[in-house]
Amino acid sequence: MLPELFFKALADSTRMRALALIADAGELCVCELTHSLEVSQPKISRHLAQLREANVVQDRRAGLWIYYSLHPELPAWARAALTSTLQGIGEQSPFAADRLRLQRMTDRPRTARCA
């Protein structure tokens, strides 16, 4: 992975917010991200595609849903940079609000169908 591709992927606020949620949860469905970030499905899918192309995240399909997680082959330096950034962000808004919306989501795909 080239450092410039990694940092370019993190340079967008929507992608950074999505990564913060994915890193915290381990794996999230597209519908969980659209709900938590309050963005449309096409927009979040476009951002997730950019993260996937940069090898920051990987996806897996399970029935109707696509789940995203950090790429298992993310280099140690990239994982350390992401971890350090997320720790530095802490409870800043909008990251705290995103986590709260995810926690309050009642129709998460593991318990119900994603809309």
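The paragraphs below set out a description of the structure included in this document. Model, not experiment: these values are computed from the prediction.

1. Topic: the sheet that holds strand β3 (residues 65-70)
- An order of β1-β3-β2 is seen for the three strands of this open sheet, with the pairing classed as antiparallel. Only two strands of the sheet have a single neighbouring strand rather than two, namely β1 (28-29) and β2 (57-62).
- Relative to β3, β2 runs antiparallel, the two being bridged by six bridges. Considered in β3, the bridge of Gln58 is made with Ser69.
- The strands touched by helix α4 (residues 41-53) within the sheet are β2 and β3, with β2 carrying the most contacts at an inclination of about 120 degrees.

2. Quick word on the packing of aromatic side chains
- Under the defined criterion, the tally for this structure stands at three aromatic pairs.
- On the basis of an interplanar angle of 80 degrees and a centroid distance of 5.0 Å, the ring pair of Phe6 and Phe7 is categorised as edge-to-face.
- Taking relative accessible area as the criterion, Phe6 reaches 0% and is therefore assigned buried.
- On the basis of relative accessibility, which here comes to 44%, the residue Phe7 falls in the partly exposed class.

About the criteria used
- Residues numbered from 1 in each chain as written.
- Predicted model: local features only at pLDDT ≥ 70, side-chain atom pairs only at ≥ 80, totals over all residues.
- Heavy atoms only, no water.
- Pairing = 2+ DSSP bridges.
- Helix = DSSP H or I, 4+ residues; strand = E, 2+ residues; numbered from the N terminus.
- Contact = heavy atoms within 4.5 Å.
- Axes fitted to C-alpha atoms, helices over the stretch in contact; angles between N-to-C directions.
- Phe/Tyr/Trp six-rings, centres within 6.5 Å; stacked < 30°, edge-to-face > 60°.
- Buried < 20%, exposed > 50% of the residue type's maximum accessible area, 1.4 Å probe, protein only.

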